[in-house]
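# Examining the three-dimensional arrangement
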Amino acid sequence: MHALLATRLKNKRKELGWSQKELADGICQQTQISRMEQGKYMPGADLLYKLSEKLGLSMDYFFSEEISKNFLDLSSFKRLSETLLENQDYTSLKYAFEVERRQQASLCFDEKIYLDWIDAILTYQCEHQLKLAISKIEDILIKINVDKVDYLYIVNTLLIFLGYDDNEKFEQRYQQVSVALSKIDTSVREQIDLYIKIKYNYCYHLWKHEEMDKSRVLLLETIEFCNKYHSSFRLADLYCLLGNVTEDLDLSVAKEYYMRAKVLYLIENNEVMALKVEQYLTDK
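This text gives an overview of the structure that appears in the document. (Residues numbered from 1 in each chain as written. Predicted model: local features only at pLDDT ≥ 70, side-chain atom pairs only at ≥ 80, totals over all residues. Heavy atoms only, no water.)

### As for helix α8 (residues 109-125)
Inclusion rule: Strands are runs of DSSP state E lasting at least two residues, helices are runs of H or I lasting at least four, and both sets are numbered from the N terminus onward. What a helix is expected to span follows from its residue count: subtract one and scale by 1.5 Å. Relative accessible area decides the class of each residue, using a 1.4 Å probe on protein chains only: under 20% of the type maximum gives buried, over 50% gives exposed, and in between gives partly exposed.
Across its 17 residues, α8 extends 25 Å between first and last C-alpha, which sits within 8% of the 24 Å expected from 1.5 Å per residue. Listing the buried residues of α8 in full gives Ile 113, Tyr 114, Leu 115, Trp 117, Ile 118, Asp 119, Ala 120, Ile 121, Leu 122 and Thr 123.

So, in structure tokens, the structure goes:
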């Protein structure tokens, strides 16, 4: 999306005969416009809105046709939002969400829950209101059955938010979700991936709180789970984190984990992370 925005911003500015400085005047720094046009900087929703106003455009000018088109039903929005969440493209997600919310006159219970979940994510990621986002997620969880797969998706978001705010509450919620995780259908790839995602997030939380032994044991168990069900989902991240929690115990073993992570990142075509791991190993 950065490349698309860069091209359209630059083309419109030149069409109007403005310099970067003229476009930036009263809105932001000229260097920000320069970085945007080089595809090196993704502005937040507020800045993008101000630029679109000055240029006399609607915000959807900067987005792809996939986002700008009218959604016929919620399923198309779900497919799009999954991609945007994976890419952490919250500015595009906010735009798509607002379009969807305006167009949906009536929703069934599950559809409303889904949109409420996206709204809670945006409350934190775009509005930076963590406690309000937590409150919204907790309200959603009261309404849904713990045995539903949707419950695991939503509680995983809550765990991430609580990791920033309340360690004790995080632990309580994780113990609750552990029961639900034990009941997943391992014949369904989506549920296997969700299991791994939640386990990884918990291991990362343990590492951040310096509970290395506990994190290491759970990481090894999760990698074993990946191997058992022939899943490579987040496997590179798991090995990278395993290297982090093993460093102080045995650096040579940690380096082996990092090397495995690097190979897996290359297989995934994630050159950015592969280079980061390589640079880290060089520095060591």
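### Side note on unusual backbone geometry
With a phi angle near 60°, His 128 is a residue other than glycine that sits in the positive phi range. Note on placement: His 128 falls in the loop between α8 and α9 (130-143). Despite not being glycine, His 230 shows a phi value in the positive range, around 55°. Here His 230 is to be found in the loop between α13 (212-228) and α14 (235-246).

### Details of helix α6 (residues 74-86)
As a reminder, the rule being used: Throughout, the arc means that of the directions going from the helix axis to the C-beta atoms.
Given a rise of 1.5 Å per residue, 13 residues ought to cover 18 Å, and the 18 Å separating the end C-alpha atoms of α6 matches this to within 8%. Those residues of α6 not exposed but buried are Leu 74, Ser 76, Phe 77, Leu 80, Ser 81 and Leu 84. Angularly, the buried residues of α6 cover 145° about the axis, an arc narrow enough to put them on a single face. Those residues of α6 that are exposed and aimed more than 90 degrees away from the buried face are Arg 79, Glu 82 and Glu 86.

### So, the packing of α9 against helix α10 (residues 149-165)
Under the convention used in this document: All axes are obtained by fitting lines to C-alpha atoms, using only the stretch in contact for helices, and the reported angles, taken between N-to-C directions, cover 0 to 180 degrees. Small angles under 35 degrees read as roughly parallel and large ones over 145 as roughly antiparallel, with 65 to 115 read as roughly perpendicular and the rest as oblique. Should the near helix be turned anticlockwise from the far one by less than a right angle, the crossing is left-handed, and should it be turned clockwise, the crossing is right-handed. Any two residues having at least one pair of non-hydrogen atoms within 4.5 Å are treated as being in contact. Each residue gets one of three labels, nonpolar for Ala, Val, Leu, Ile, Met, Phe, Trp, Tyr, Cys and Pro, charged for Asp, Glu, Lys and Arg, and polar for the others, Gly among them.
The interhelical angle for the contact between α9 and α10, taken along N-to-C directions, is 150°, at an axis separation of 10 Å. Comparing their axes, α10 and α9 come out roughly antiparallel. Every pair of crossing elements has a handedness; the one defined by α9 and α10 is left-handed. The residues of α10 that touch α9, namely those facing Leu 130, Lys 131, Ala 133, Ile 134, Ile 137, Glu 138, Ile 140 and Leu 141, are Tyr 151, Ile 154, Val 155, Thr 157, Leu 158, Phe 161, Leu 162, Tyr 164 and Asp 165. Of the residues contributing to the contact of α9 with α10, the split by class is 13 nonpolar, 1 polar and 3 charged.

### A short note on the packing of aromatic side chains
In plain terms, the rule: Pairing of aromatic rings covers Phe, Tyr and Trp, the last counted by its six-membered ring, and requires centre-to-centre distances within 6.5 Å; plane angles under 30 degrees mean stacked, over 60 mean edge-to-face, and any other angle means tilted. Two conditions define a charge sitting above a ring: the NZ of Lys or the CZ of Arg must be within 6 Å of the ring centre, and it must be within 35 degrees of the ring normal.
Here the structure, examined in full by the defined rule, presents 12 aromatic pairs. Aromatic side chains Tyr 124 and Tyr 164 sit 5.5 Å apart centroid to centroid with 25° between the ring planes, which places their arrangement in the stacked category. Of this pair, Tyr 124 sits in helix α8 while Tyr 164 sits in helix α10, and the two are 40 residues apart along the sequence. By the ring-pair criterion, three or more aromatic residues cluster together here, those being Tyr 114, Trp 117 and Tyr 153. Directly above the ring of Tyr 114 sits Lys 78, whose terminal nitrogen or CZ lies 4.9 Å from the centroid. Residue placement shows Arg 234 over the ring face of Tyr 200; its charged tip is 4.4 Å from the ring centre.

### A closer look at the nonpolar core
Applicable threshold: Think of a nonpolar core as a cluster: buried Ala, Val, Leu, Ile, Met, Phe, Trp, Tyr and Cys residues, connected wherever their side-chain atoms sit within 4.5 Å.
Judged by nonpolar contacts, the single largest core of 68 residues is most densely connected at Phe 77, Ile 137 and Leu 152. Once residues within four sequence positions are removed from consideration, Ile 137 is found in contact with Trp 117, Ala 120, Ile 154, Thr 157, Leu 158 and Phe 161. Core analysis: the next-biggest nonpolar cluster, separate from the first, contains 13 residues, Leu 23, Ala 24, Ile 33 and Leu 48 among them.

### Concerning the pattern of salt bridges
Two side chains carrying opposite charge are able to pair once their charged atoms lie near each other. As a reminder, the rule being used: Just to be clear on terms, a salt bridge is a Lys or Arg side-chain nitrogen sitting within 4 Å of an Asp or Glu carboxyl oxygen.
Across all of its chains, the model carries 9 salt bridges by this definition. In this structure, the salt-bridge partner of Glu 37 is Arg 13, at a minimum N-O distance of 2.6 Å. Of this pair, Glu 37 sits in helix α3 (residues 30-37) while Arg 13 sits in helix α1 (residues 2-16), and the two are 24 residues apart along the sequence. Accessibility expressed as a relative area gives 8% for Arg 13, which makes it buried.

### Considerations on the packing of α10 against helix α11 (residues 167-181)
The interhelical angle for the contact between α10 and α11, taken along N-to-C directions, is 160°, at an axis separation of 9 Å. Viewed along their axes, α10 and α11 adopt a mutual orientation that is roughly antiparallel. The two elements α10 and α11 cross, and the hand of that crossing is left-handed. Listed contacts from α11 to Tyr 151, Leu 152, Val 155, Leu 158, Leu 159, Leu 162, Gly 163 and Asp 165 of α10 are Asn 167, Lys 169, Phe 170, Arg 173, Tyr 174, Gln 176, Val 177, Ala 180 and Leu 181. Its residues assigned to classes, the contact of α10 with α11 shows 11 nonpolar, 3 polar and 3 charged.

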